[in-house]
Protein chains: 2
Amino acid sequence: MAEHRKRGSKGPLIMIGGGEDKEGDRTILREVVKHLDGGRLVIATVASHEPEGYFEAYERAFAELGVTDLVELYVKDRAETLDPKKLGLLDSAAGVFFSGGDQLRISSQIGDTPIEQRVREIHERGGLLAGTSAGASVMSETMLVKGTSGESYKIGDLHMAPGLGLVRNMIIDQHFAERGRFGRLFGAVAHNPRELGIGIDEDTALVFKDDCFDVIGSGCVYVVDGAGVTHSNIAEAEPERALSMFDVRLHVLSAGDTFDVSKRRPTEVPDVTKSHAIETQTMG
Amino acid sequence: MAEHRKRGSKGPLIMIGGGEDKEGDRTILREVVKHLDGGRLVIATVASHEPEGYFEAYERAFAELGVTDLVELYVKDRAETLDPKKLGLLDSAAGVFFSGGDQLRISSQIGDTPIEQRVREIHERGGLLAGTSAGASVMSETMLVKGTSGESYKIGDLHMAPGLGLVRNMIIDQHFAERGRFGRLFGAVAHNPRELGIGIDEDTALVFKDDCFDVIGSGCVYVVDGAGVTHSNIAEAEPERALSMFDVRLHVLSAGDTFDVSKRRPTEVPDVTKSHAIETQTMG
């Protein structure tokens, strides 16, 4: 993967679908390390109601990858976000990694606080922000908070809230195929097809930079594009009624694939001649 | 729904995603009854390794809906498909209902036997064929036999086999959102985008007739159309590698929606008045 850090531009965002490998190849954690340039990594365990244990697991995994300056940032409540010692942990950090838990804890505890401001500054000056599970979801402008897994979307069955807004036009979901979350992501996209639905499998991540992302890890990233939808019942149907939505465009991406969010296209597009030949052939 | 039975044309096929309601509204079983015109319904429990109990559950459910002539057809092995008594059960049947279990048991036990021939004749002369779960999957020309649920598709991880071939260009999957089977259906479609992938939720069915179908029940039917796919790695990637497939078209259908298989299009372009009427009706 090309070196992402450029002077004067925002740093990379690594959004992980949860369950990233911590003992084997650790493809995703290695990617995190690559962007630190030997600097400090802050593990933000804010998403967790009970942070004990999270930090230790990452400490082991990152130590073996050569990260020596690793610190934990936890805030029990908003008052603690003013604590100079907590804020000091972020000074000169090369990156922040948000662990899993409840995305609403991240947004409600650090939203519009000095902690969030420092995190944003790290991003602005080119530092790395990574997040797994809840830590990935929270990067959206409007984030998915809660919705049923393992069934189709029923009208009204979804909670969304303002996230940290680090990326626009993307709603992130995680543990995606493993927890059967297609239904709720279709539902989210139906609400406003401007937003691309991004479903990230476990042990899979997207590395986002300059409005494009690369996929890494063992599973898939699904991009649900509702821009061409010709009909949906989301605004008119009764609560509990199953969703109806025609002409969704969907991309199944895996390691090595890249996607341009502003163009809403996989960037490795087969050339036109070739793609036409493919269609003719399969339709023949 | 319009009366489907027409002189000289093939009968309707009702494909059910499993877990159809047997005690409440029984929307799907009522639809089955509607097509019998008071005639005999044969419950074919062939898909099951242990048929005990299946028939009794349907007997109760259908009795309360006014079906009086209900018989069970089970064959332990292929030799029994020649048994005149078994064959006699199908004489003058108005419909056959395949219960759930293992689709490979249906195809391997009755494929190319006099039983299958009788079933086909019932269909040809306008009678009803219905199937739930395995009984729905087996209606495909090439049927999905086995593949992992609850994860994305990995190259090579899918078993397909010749089904009864009652419908063409459709690969049927069931218990769809409930068991997280999106991944394997995308994989199936990637093999040959000529086939539409049809994923049917539990307590949901499609009523197929003259190459079109209507959706009934409480969940969704997903149509995965790979005709416009511009790239997939299915033929070239290593086994166990995650699928990559760009530009899939997907339709999320629910009760009241209809689909034209030959045109590969939802047939109801939204008409506000009508769609409202349908919703009112299905929502009771």
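Read on for an overview of the structure. Everything quoted here is computed from the prediction, not taken from an experiment. Throughout, a residue's number is its position along its own chain's written sequence, starting from 1. Whichever chain is written first is A, and whichever ligand is written first is 1; the rest continue in order. The model is predicted, so local features are restricted to residues of pLDDT at least 70 and side-chain atom pairs to those at 80 or more, both for listing and for counting; the totals for chains, interfaces and linings are taken over all residues. Side-chain measures here rest on the full set of heavy atoms in the structure, leaving out hydrogens and waters.

## Structural notes on unusual backbone geometry
Residues and elements named next belong to chain A. Here is the rule: Helix numbering and strand numbering both begin at the N terminus, where a helix is a DSSP run of H or I of at least 4 residues and a strand a DSSP run of E of at least 2. Only protein chains enter the accessibility calculation, which uses a 1.4 Å probe; a residue whose area is less than 20% of its type maximum is buried, one above 50% is exposed, and one in between is partly exposed.
Even without a glycine there, the phi angle at S92 is positive, about 60°. Residue placement: S92 occurs in the loop between α3 (84-89) and β4 (93-98). Given the relative accessible area of 61%, S92 is considered exposed.

## Looking at the relation of the copies chain A and chain B
As a reminder, the rule being used: The fit set for superposing copies consists of C-alpha atoms from residues with pLDDT of at least 70 in both; the fit itself is least squares. The criterion used for residue contact is that any of the two residues' heavy atoms lie within 4.5 Å.
Between chain A and chain B, the superposition needs a rotation of 180° and an axial shift of 0.0 Å, giving an RMSD of 0.0 Å. Overall, the copies show the geometry of a two-fold rotation axis. Counting the interface residues of chain A, we find that 89% of their copies in chain B are interface residues as well, pointing to one common contact surface.

## With respect to the side chain of D203 of chain B
Here is the rule we go by: In this tally, Asp and Glu contribute negative charge and Lys and Arg positive charge; neither His nor the terminal groups of the chain are included. Throughout this description, the term salt bridge denotes a Lys or Arg side-chain nitrogen within 4 Å of a carboxyl oxygen of Asp or Glu. Any pair of nitrogen or oxygen atoms within 3.5 Å is treated as a polar contact; in protein, a donor-acceptor pairing is required on top of that, and neighbouring residues in sequence qualify only through side-chain atoms on both sides.
With respect to the element layout, D203 of chain B can be found in the loop between β9 (196-200) and β10 (204-209). No salt bridge is formed by the buried D203 of chain B; the nearest opposite charge belongs to K154 of chain A, separated by 8.0 Å. A distance of 2.9 Å separates polar atoms of two side chains, one belonging to D203 of chain B and the other to S218 of chain B. What D203 of chain B contacts, discounting residues up to four positions off in sequence, is G18, G19, E20, D21, I28, G217, S218 and G219 of chain B.

## So, the pattern of salt bridges
A full pass over the atoms with the stated rule returns 30 salt bridges over all chains. One salt bridge connects D247 of chain A with R249 of chain B, and the closest N-O pair in it is separated by 2.6 Å. Of this pair, D247 of chain A sits in strand β14 (residues 245-254) while R249 of chain B is found in strand β14 (residues 245-254), placing the two residues in two different chains. D247 of chain A sits in the buried class, given a relative accessible area of 4%. A single salt-bridge network, built from bridges that share partners, covers D173, R181 and R184 of chain A.

## A closer look at the interface of chain A and chain B
For clarity, the threshold we go by: Reported buried area values correspond to the accessible surface (1.4 Å probe) lost by two parts on association, with both partners' losses combined. In the scheme used here, Gly and all other residues not listed as nonpolar or charged are polar, with Ala, Val, Leu, Ile, Met, Phe, Trp, Tyr, Cys and Pro taken as nonpolar and Asp, Glu, Lys and Arg as charged. At least two DSSP bridges between two strands are needed for those strands to be called paired.
Of the residues lining the interface, 47 residues belong to chain A; the matching set on chain B comes to 47 residues. Counting the surface lost from both chain A and chain B, the interface buries some 3,600 Å², and carbon and sulfur atoms represent 54% of this. Summed over the shared surface of chain A and chain B, the number is 4 salt bridges. Along the contact surface separating chain A from chain B lie 24 residue pairs in polar contact (both at pLDDT 80 or more). Among the elements of the structure, α7 (182-191), β12 (220-225), β14, β16 (265-266) and α8 (272-283) of chain A are those that each provide at least two residues to the side of chain A that touches chain B. Ranked by the residues each element gives to the side of chain A that touches chain B, the list is headed by β14 of chain A, at 10 residues. When its residues are assigned to classes, the side of chain A that touches chain B shows 21 nonpolar, 13 polar and 13 charged. Of the strand pairs in this sheet, β14 of chain A and β14 of chain B are connected by 5 bridges, and their pairing is antiparallel. Each bridged residue has a counterpart across the sheet, and for V248 of chain A the counterpart in β14 of chain B is L250 of chain B.

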